[in-house]
Amino acid sequence: MGWIFILEGLATVVAGAASYWIIQDFPDTAKFLTDAERAVVIRRLQADDQFSAAGENLQWKYIWKSVLDWKTWVGMVVYVGADMPLYAFSLFLPTIISQVRFQATPANLLTVPVYFFACCITCLVGYLADRYGRRGYLNLIFLTLGGAGYIILVASRNAALSYFAVYLATCGIYPVIPNTIAWVSNNVEGSYKRSVSIAMVIGFGNINGAVSSNVYRAKDKPWYRLGHGLVLMYIGFGLIATTTYHLLLRAENARRDRGERDEVIGKAETTEEQNWRGKMEDLILLRRPRGRRAMNGVDIDTYYDYI
(Lines give C-alpha, C1' and ligand atoms only; values in the text may rest on other atoms or scores of the structure.)
Protein backbone atom coordinates (compact mmCIF):
# COMPACT_ATOMS: atom_id res chain seq x y z
CA MET A 1 0.00 0.00 0.00
CA GLY A 2 2.83 2.37 0.82
CA TRP A 3 4.26 1.98 -2.70
CA ILE A 4 1.07 3.45 -4.16
CA PHE A 5 1.66 6.73 -2.37
CA ILE A 6 5.39 6.67 -3.15
CA LEU A 7 4.79 6.18 -6.89
CA GLU A 8 2.04 8.80 -6.98
CA GLY A 9 4.20 11.31 -5.13
CA LEU A 10 7.29 10.49 -7.21
CA ALA A 11 5.56 11.63 -10.41
CA THR A 12 4.86 15.01 -8.80
CA VAL A 13 8.45 15.37 -7.58
CA VAL A 14 9.87 14.56 -11.03
CA ALA A 15 7.45 16.93 -12.76
CA GLY A 16 8.28 19.70 -10.28
CA ALA A 17 12.02 19.31 -10.85
CA ALA A 18 11.59 19.22 -14.64
CA SER A 19 9.45 22.37 -14.57
CA TYR A 20 12.57 24.44 -13.83
CA TRP A 21 13.70 23.82 -17.42
CA ILE A 22 10.28 23.42 -19.08
CA ILE A 23 8.31 26.42 -17.82
CA GLN A 24 9.26 29.81 -19.23
CA ASP A 25 9.54 32.81 -16.91
CA PHE A 26 8.19 35.50 -19.26
CA PRO A 27 6.96 35.69 -22.86
CA ASP A 28 9.94 37.81 -23.87
CA THR A 29 12.34 34.99 -22.90
CA ALA A 30 10.30 32.08 -24.30
CA LYS A 31 12.58 30.40 -26.82
CA PHE A 32 9.75 28.62 -28.63
CA LEU A 33 8.18 31.96 -29.66
CA THR A 34 9.26 34.18 -32.51
CA ASP A 35 9.80 37.91 -31.94
CA ALA A 36 6.42 38.68 -33.50
CA GLU A 37 4.68 36.08 -31.33
CA ARG A 38 6.33 37.44 -28.19
CA ALA A 39 5.10 40.91 -29.07
CA VAL A 40 1.53 39.68 -29.59
CA VAL A 41 1.50 37.76 -26.27
CA ILE A 42 2.92 40.73 -24.35
CA ARG A 43 0.48 43.15 -25.92
CA ARG A 44 -2.48 40.91 -25.07
CA LEU A 45 -1.37 40.48 -21.48
CA GLN A 46 -0.77 44.19 -21.02
CA ALA A 47 -4.17 44.91 -22.58
CA ASP A 48 -5.52 42.80 -19.70
CA ASP A 49 -3.66 45.16 -17.33
CA GLN A 50 -0.81 42.75 -16.57
CA PHE A 51 1.80 45.43 -16.97
CA SER A 52 4.73 43.25 -15.91
CA ALA A 53 4.11 40.80 -18.77
CA ALA A 54 7.20 42.04 -20.60
CA GLY A 55 9.44 40.62 -17.90
CA GLU A 56 11.11 41.59 -14.65
CA ASN A 57 14.39 41.01 -12.88
CA LEU A 58 14.03 39.34 -9.50
CA GLN A 59 14.83 41.77 -6.71
CA TRP A 60 14.42 41.40 -2.96
CA LYS A 61 12.43 44.63 -2.81
CA TYR A 62 9.57 42.96 -4.67
CA ILE A 63 9.45 40.20 -2.07
CA TRP A 64 9.54 42.60 0.86
CA LYS A 65 6.87 44.81 -0.69
CA SER A 66 4.63 41.76 -0.88
CA VAL A 67 5.33 40.80 2.73
CA LEU A 68 4.65 44.36 3.92
CA ASP A 69 1.55 44.89 1.75
CA TRP A 70 -1.72 44.99 3.69
CA LYS A 71 -3.46 43.29 0.75
CA THR A 72 -1.40 40.15 1.32
CA TRP A 73 -2.38 39.85 4.98
CA VAL A 74 -6.05 40.69 4.56
CA GLY A 75 -6.17 38.34 1.56
CA MET A 76 -4.80 35.56 3.77
CA VAL A 77 -7.74 35.93 6.15
CA VAL A 78 -10.23 36.09 3.27
CA TYR A 79 -8.81 32.86 1.87
CA VAL A 80 -8.66 30.98 5.14
CA GLY A 81 -12.37 31.74 5.61
CA ALA A 82 -13.08 29.26 2.81
CA ASP A 83 -9.99 27.03 2.85
CA MET A 84 -10.32 25.62 6.36
CA PRO A 85 -14.00 24.78 5.65
CA LEU A 86 -12.86 23.21 2.36
CA TYR A 87 -10.58 20.75 4.15
CA ALA A 88 -13.23 19.96 6.73
CA PHE A 89 -15.90 19.51 4.07
CA SER A 90 -13.86 17.29 1.74
CA LEU A 91 -12.44 15.14 4.54
CA PHE A 92 -15.63 14.67 6.49
CA LEU A 93 -18.51 15.00 4.02
CA PRO A 94 -19.54 11.32 4.45
CA THR A 95 -19.40 11.90 8.21
CA ILE A 96 -21.52 15.03 7.85
CA ILE A 97 -24.01 13.14 5.66
CA SER A 98 -24.15 10.33 8.22
CA GLN A 99 -25.80 12.98 10.40
CA VAL A 100 -28.88 12.52 8.21
CA ARG A 101 -28.96 8.82 9.09
CA PHE A 102 -27.09 7.33 6.14
CA GLN A 103 -24.11 5.11 6.76
CA ALA A 104 -21.05 3.78 4.90
CA THR A 105 -21.69 3.22 1.18
CA PRO A 106 -24.97 5.21 0.97
CA ALA A 107 -23.30 8.16 2.71
CA ASN A 108 -20.40 8.08 0.25
CA LEU A 109 -22.76 7.85 -2.74
CA LEU A 110 -24.73 10.85 -1.49
CA THR A 111 -21.56 12.94 -1.72
CA VAL A 112 -21.61 12.67 -5.55
CA PRO A 113 -24.53 15.06 -6.21
CA VAL A 114 -23.11 17.46 -3.60
CA TYR A 115 -19.78 17.66 -5.42
CA PHE A 116 -21.53 17.97 -8.78
CA PHE A 117 -23.53 20.91 -7.41
CA ALA A 118 -20.33 22.46 -6.03
CA CYS A 119 -18.70 22.15 -9.46
CA CYS A 120 -21.64 23.85 -11.19
CA ILE A 121 -21.72 26.73 -8.68
CA THR A 122 -17.95 27.21 -8.94
CA CYS A 123 -18.13 27.42 -12.75
CA LEU A 124 -21.05 29.84 -12.52
CA VAL A 125 -19.24 32.15 -10.09
CA GLY A 126 -16.11 32.01 -12.23
CA TYR A 127 -18.10 33.06 -15.29
CA LEU A 128 -19.92 35.87 -13.47
CA ALA A 129 -16.71 37.18 -11.91
CA ASP A 130 -14.89 37.25 -15.24
CA ARG A 131 -17.86 38.72 -17.06
CA TYR A 132 -19.03 41.33 -14.58
CA GLY A 133 -16.27 41.65 -11.98
CA ARG A 134 -17.47 42.40 -8.44
CA ARG A 135 -15.46 39.58 -6.90
CA GLY A 136 -15.85 41.06 -3.43
CA TYR A 137 -19.64 41.08 -3.70
CA LEU A 138 -19.65 37.49 -4.95
CA ASN A 139 -17.55 36.43 -1.97
CA LEU A 140 -19.98 38.12 0.41
CA ILE A 141 -23.03 36.54 -1.23
CA PHE A 142 -21.71 33.00 -1.30
CA LEU A 143 -20.02 33.07 2.09
CA THR A 144 -23.36 34.21 3.50
CA LEU A 145 -25.10 31.26 1.81
CA GLY A 146 -22.46 28.92 3.17
CA GLY A 147 -22.86 30.36 6.64
CA ALA A 148 -26.62 29.84 6.43
CA GLY A 149 -26.00 26.21 5.52
CA TYR A 150 -23.85 25.61 8.58
CA ILE A 151 -26.29 27.41 10.86
CA ILE A 152 -28.94 24.95 9.66
CA LEU A 153 -26.56 22.03 10.23
CA VAL A 154 -25.97 23.19 13.81
CA ALA A 155 -29.65 23.76 14.59
CA SER A 156 -31.49 21.16 12.50
CA ARG A 157 -32.65 17.79 13.73
CA ASN A 158 -34.43 16.97 10.47
CA ALA A 159 -32.58 14.62 8.09
CA ALA A 160 -33.88 16.14 4.84
CA LEU A 161 -33.27 19.71 6.00
CA SER A 162 -29.72 18.85 7.08
CA TYR A 163 -28.97 17.28 3.70
CA PHE A 164 -30.28 20.41 1.97
CA ALA A 165 -28.01 22.48 4.23
CA VAL A 166 -25.00 20.54 2.93
CA TYR A 167 -25.70 21.97 -0.54
CA LEU A 168 -25.89 25.48 0.87
CA ALA A 169 -22.62 24.89 2.70
CA THR A 170 -20.81 24.20 -0.58
CA CYS A 171 -21.73 27.72 -1.76
CA GLY A 172 -19.58 29.28 0.93
CA ILE A 173 -16.59 27.06 0.17
CA TYR A 174 -15.89 25.89 -3.36
CA PRO A 175 -16.62 28.99 -5.48
CA VAL A 176 -14.95 31.31 -2.97
CA ILE A 177 -11.59 29.53 -3.23
CA PRO A 178 -10.76 30.38 -6.89
CA ASN A 179 -12.61 33.69 -6.69
CA THR A 180 -10.42 34.83 -3.79
CA ILE A 181 -7.18 33.74 -5.48
CA ALA A 182 -8.15 35.66 -8.64
CA TRP A 183 -9.21 38.69 -6.57
CA VAL A 184 -5.91 38.86 -4.71
CA SER A 185 -3.93 38.22 -7.90
CA ASN A 186 -5.75 40.99 -9.77
CA ASN A 187 -4.74 43.51 -7.14
CA VAL A 188 -1.02 42.80 -7.00
CA GLU A 189 1.13 44.03 -9.87
CA GLY A 190 4.51 42.54 -10.66
CA SER A 191 5.05 38.83 -11.33
CA TYR A 192 7.44 38.25 -8.44
CA LYS A 193 5.44 40.27 -5.96
CA ARG A 194 2.26 38.51 -7.07
CA SER A 195 3.84 35.08 -6.71
CA VAL A 196 4.92 35.82 -3.13
CA SER A 197 1.49 37.19 -2.20
CA ILE A 198 -0.33 34.21 -3.67
CA ALA A 199 2.06 31.78 -1.96
CA MET A 200 1.46 33.43 1.40
CA VAL A 201 -2.31 33.44 0.91
CA ILE A 202 -2.53 29.79 -0.14
CA GLY A 203 0.07 28.66 2.38
CA PHE A 204 -1.75 30.25 5.29
CA GLY A 205 -5.02 28.67 4.17
CA ASN A 206 -3.42 25.23 3.90
CA ILE A 207 -1.87 25.50 7.36
CA ASN A 208 -5.34 25.97 8.81
CA GLY A 209 -6.32 22.69 7.21
CA ALA A 210 -4.66 21.13 10.26
CA VAL A 211 -7.52 22.53 12.33
CA SER A 212 -10.15 20.86 10.17
CA SER A 213 -8.68 17.39 10.69
CA ASN A 214 -9.48 17.51 14.38
CA VAL A 215 -12.89 19.15 14.64
CA TYR A 216 -15.26 16.33 13.67
CA ARG A 217 -14.86 14.04 16.67
CA ALA A 218 -16.56 10.65 17.06
CA LYS A 219 -18.00 11.65 20.43
CA ASP A 220 -19.81 14.61 18.81
CA LYS A 221 -21.85 12.55 16.36
CA PRO A 222 -24.43 12.56 14.94
CA TRP A 223 -24.77 16.40 14.93
CA TYR A 224 -21.12 17.52 15.23
CA ARG A 225 -21.84 20.87 16.79
CA LEU A 226 -18.16 21.58 17.47
CA GLY A 227 -17.09 20.91 13.87
CA HIS A 228 -19.93 22.87 12.31
CA GLY A 229 -19.49 25.69 14.80
CA LEU A 230 -15.77 26.10 14.09
CA VAL A 231 -16.34 26.03 10.34
CA LEU A 232 -19.02 28.67 10.81
CA MET A 233 -16.50 30.77 12.76
CA TYR A 234 -14.01 30.60 9.88
CA ILE A 235 -16.71 31.62 7.40
CA GLY A 236 -17.32 34.60 9.68
CA PHE A 237 -13.60 35.45 9.40
CA GLY A 238 -13.99 35.31 5.63
CA LEU A 239 -16.98 37.66 5.67
CA ILE A 240 -15.25 40.22 7.88
CA ALA A 241 -12.00 40.09 5.89
CA THR A 242 -13.83 40.29 2.54
CA THR A 243 -15.70 43.39 3.68
CA THR A 244 -12.45 44.95 4.93
CA TYR A 245 -10.61 44.13 1.69
CA HIS A 246 -13.42 45.54 -0.42
CA LEU A 247 -13.69 48.81 1.52
CA LEU A 248 -9.93 49.37 1.60
CA LEU A 249 -9.70 48.76 -2.15
CA ARG A 250 -12.49 51.24 -2.77
CA ALA A 251 -10.61 53.82 -0.73
CA GLU A 252 -7.43 53.08 -2.68
CA ASN A 253 -9.31 53.32 -5.98
CA ALA A 254 -10.60 56.73 -4.94
CA ARG A 255 -7.05 57.91 -4.22
CA ARG A 256 -5.92 56.67 -7.61
CA ASP A 257 -8.85 58.35 -9.33
CA ARG A 258 -7.60 61.61 -7.81
CA GLY A 259 -4.12 60.91 -9.21
CA GLU A 260 -2.48 60.38 -5.83
CA ARG A 261 -0.92 57.09 -6.91
CA ASP A 262 0.12 57.98 -10.48
CA GLU A 263 3.78 57.26 -11.01
CA VAL A 264 6.20 56.04 -13.63
CA ILE A 265 8.37 53.10 -12.66
CA GLY A 266 11.53 51.90 -14.39
CA LYS A 267 12.87 52.89 -17.77
CA ALA A 268 10.54 53.70 -20.64
CA GLU A 269 11.40 52.22 -24.00
CA THR A 270 12.20 54.89 -26.54
CA THR A 271 10.81 53.47 -29.77
CA GLU A 272 7.68 51.71 -30.92
CA GLU A 273 9.87 49.18 -32.71
CA GLN A 274 11.47 48.12 -29.42
CA ASN A 275 8.07 47.89 -27.79
CA TRP A 276 6.55 45.83 -30.60
CA ARG A 277 9.40 43.33 -30.73
CA GLY A 278 8.94 42.53 -27.07
CA LYS A 279 12.28 43.85 -25.83
CA MET A 280 10.84 45.56 -22.74
CA GLU A 281 12.89 44.21 -19.87
CA ASP A 282 11.91 47.05 -17.56
CA LEU A 283 8.25 47.88 -17.28
CA ILE A 284 7.29 51.23 -18.70
CA LEU A 285 4.29 52.38 -16.83
CA LEU A 286 2.69 51.05 -13.67
CA ARG A 287 -0.16 53.29 -12.76
CA ARG A 288 -3.89 53.33 -12.64
CA PRO A 289 -5.23 55.83 -15.21
CA ARG A 290 -7.45 58.55 -13.83
CA GLY A 291 -11.14 57.88 -14.24
CA ARG A 292 -10.79 54.09 -14.56
CA ARG A 293 -12.40 52.42 -11.63
CA ALA A 294 -11.27 48.92 -12.41
CA MET A 295 -9.94 46.27 -14.72
CA ASN A 296 -11.74 46.44 -18.06
CA GLY A 297 -13.82 49.22 -16.55
CA VAL A 298 -16.17 46.86 -14.72
CA ASP A 299 -14.69 45.68 -11.44
CA ILE A 300 -14.70 48.26 -8.69
CA ASP A 301 -12.72 45.87 -6.50
CA THR A 302 -9.75 45.70 -8.84
CA TYR A 303 -6.98 48.26 -8.86
CA TYR A 304 -3.43 48.21 -10.08
CA ASP A 305 -0.74 47.90 -7.52
CA TYR A 306 2.59 49.65 -7.93
CA ILE A 307 6.06 48.25 -7.32
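Residues numbered from 1 in each chain as written. Predicted model: local features only at pLDDT ≥ 70, side-chain atom pairs only at ≥ 80, totals over all residues. Heavy atoms only, no water.

Per an unreviewed UniProt entry, the recorded name for the protein chain is Major facilitator superfamily domain-containing protein, and the organism is Roridomyces roridus. The UniProt entry for the protein chain carries the following comment under Subcellular location (unreviewed entry): "Membrane". (UniProt positions renumbered as here; feature names shortened; annotations may be inferred.)

What follows covers the overall build of the protein chain. Secondary structure summary: the protein chain contains 13 helices and zero strands in total. Each helix and strand of the protein chain, placed in order from N terminus to C terminus, yields the pattern α-α-α-α-α-α-α-α-α-α-α-α-α. Classification of the 307 residues of the protein chain by burial places 43% in the buried group. Counting only contacts in the protein chain whose residues sit at least 6 apart along the sequence, the fraction spanning at least 24 positions is 74%. Just so you have it, the protein chain exposes about 15,700 Å², and 66% of that area is on carbon and sulfur atoms. (Helix = DSSP H or I, 4+ residues; strand = E, 2+ residues; numbered from the N terminus. Buried < 20%, exposed > 50% of the residue type's maximum accessible area, 1.4 Å probe, protein only. Contact = heavy atoms within 4.5 Å. Areas by Shrake-Rupley, 256 points an atom, 1.4 Å probe, with all protein chains shown as cover.)

Turning next to the UniProt feature "transmembrane region" (unreviewed entry) in the protein chain. Feature annotation in UniProt assigns "transmembrane region" (unreviewed entry) to the following positions: residues 6-23, 73-97, 109-129, 136-155, 161-184, 196-216 and 228-248. The span residues 109-129 shows a helical share of 95% and a strand share of 0%, and its end C-alpha atoms are spaced 31 Å apart. Between the end C-alpha atoms of residues 228-248 the distance is 30 Å, and the span holds 100% helix and 0% strand.

Attention shifts here to unusual backbone geometry. Phi at Arg134 takes a positive value of approximately 60°, unusual for a residue other than glycine. Counting through the fold element by element, Arg134 comes out in the loop between helix 6 (111-132) and helix 7 (135-155). Arg134 gets classed as partly exposed once you look at its relative accessible area, which sits at 34%.

Quick look at helix 10 (residues 191-207) now. Across its 17 residues, helix 10 extends 24 Å between first and last C-alpha, which sits within 8% of the 24 Å expected from 1.5 Å per residue. Those residues of helix 10 that sit buried are Lys193, Arg194, Val196, Ser197, Ile198, Met200, Val201 and Gly205. (Expected span 1.5 Å × (residues − 1).)

Let's shift gears to the packing of aromatic side chains. Tallying each qualifying case throughout the model produces nine aromatic pairs. Pairing Tyr20 with Trp21 gives two aromatic rings, centres 5.2 Å apart and planes at 80°, and the pair type is edge-to-face. Residue Trp21 is classed as exposed on the basis of its relative accessible area of 65%. For the pair Phe117 and Tyr167, a centre-to-centre distance of 5.5 Å together with 70° between the ring planes defines the contact as edge-to-face. (Phe/Tyr/Trp six-rings, centres within 6.5 Å; stacked < 30°, edge-to-face > 60°.)

To continue, consider the packing of helix 7 against helix 12 (residues 225-257). It is at 9 Å that the axes of helix 7 and helix 12 come closest, and there the two elements cross at 165°. Looking at the two axes, helix 7 sits roughly antiparallel to helix 12. Once helix 7 is placed against helix 12, the crossing between them reads as left-handed. Note on element contacts: helix 12 touches helix 7 through Arg225, His228, Gly229, Val231, Leu232, Ile235, Gly238, Leu239, Thr242, Thr243, His246 and Arg250, opposite Gly136, Tyr137, Asn139, Leu140, Leu143, Thr144, Gly146, Gly147, Tyr150, Ile151, Leu153 and Val154. (Axes fitted to C-alpha atoms, helices over the stretch in contact; angles between N-to-C directions. Parallel < 35°, antiparallel > 145°, perpendicular 65-115°, else oblique. Left-handed = near helix turned anticlockwise from the far one by under 90°.)

Our next topic: the nonpolar core. One finds Phe89, Tyr150 and Tyr216 to be the most contacted residues of the largest nonpolar core, which totals 49 residues. Contributing elements (two or more residues each) for this core: helix 4 (70-98), helix 6, helix 7, helix 8 (159-171), helix 9 (176-186), helix 10 and helix 12. Top contributing element to this core by residue count: helix 4, with 14 residues. Those residues in contact with Tyr150, other than ones at most four positions away along the chain, are Phe89, Ala169, Ile173, Tyr216, His228, Val231, Leu232 and Ile235. (Core = buried A, V, L, I, M, F, W, Y, C linked by side-chain atoms within 4.5 Å.)

Another point: helix 7. The terminal C-alpha atoms of helix 7 lie 30 Å apart, and with 21 residues this matches the ideal 30 Å at 1.5 Å per residue to within 8%. Of the residues making up helix 7, those classed as buried are Arg135, Gly136, Leu138, Asn139, Phe142, Leu143, Gly146, Gly147, Gly149, Tyr150 and Leu153. For helix 7, the arc enclosing every buried residue in end-on projection is 160°, short of the 170-degree limit, so these residues lie on one face. (Arc of directions from axis to C-beta.)

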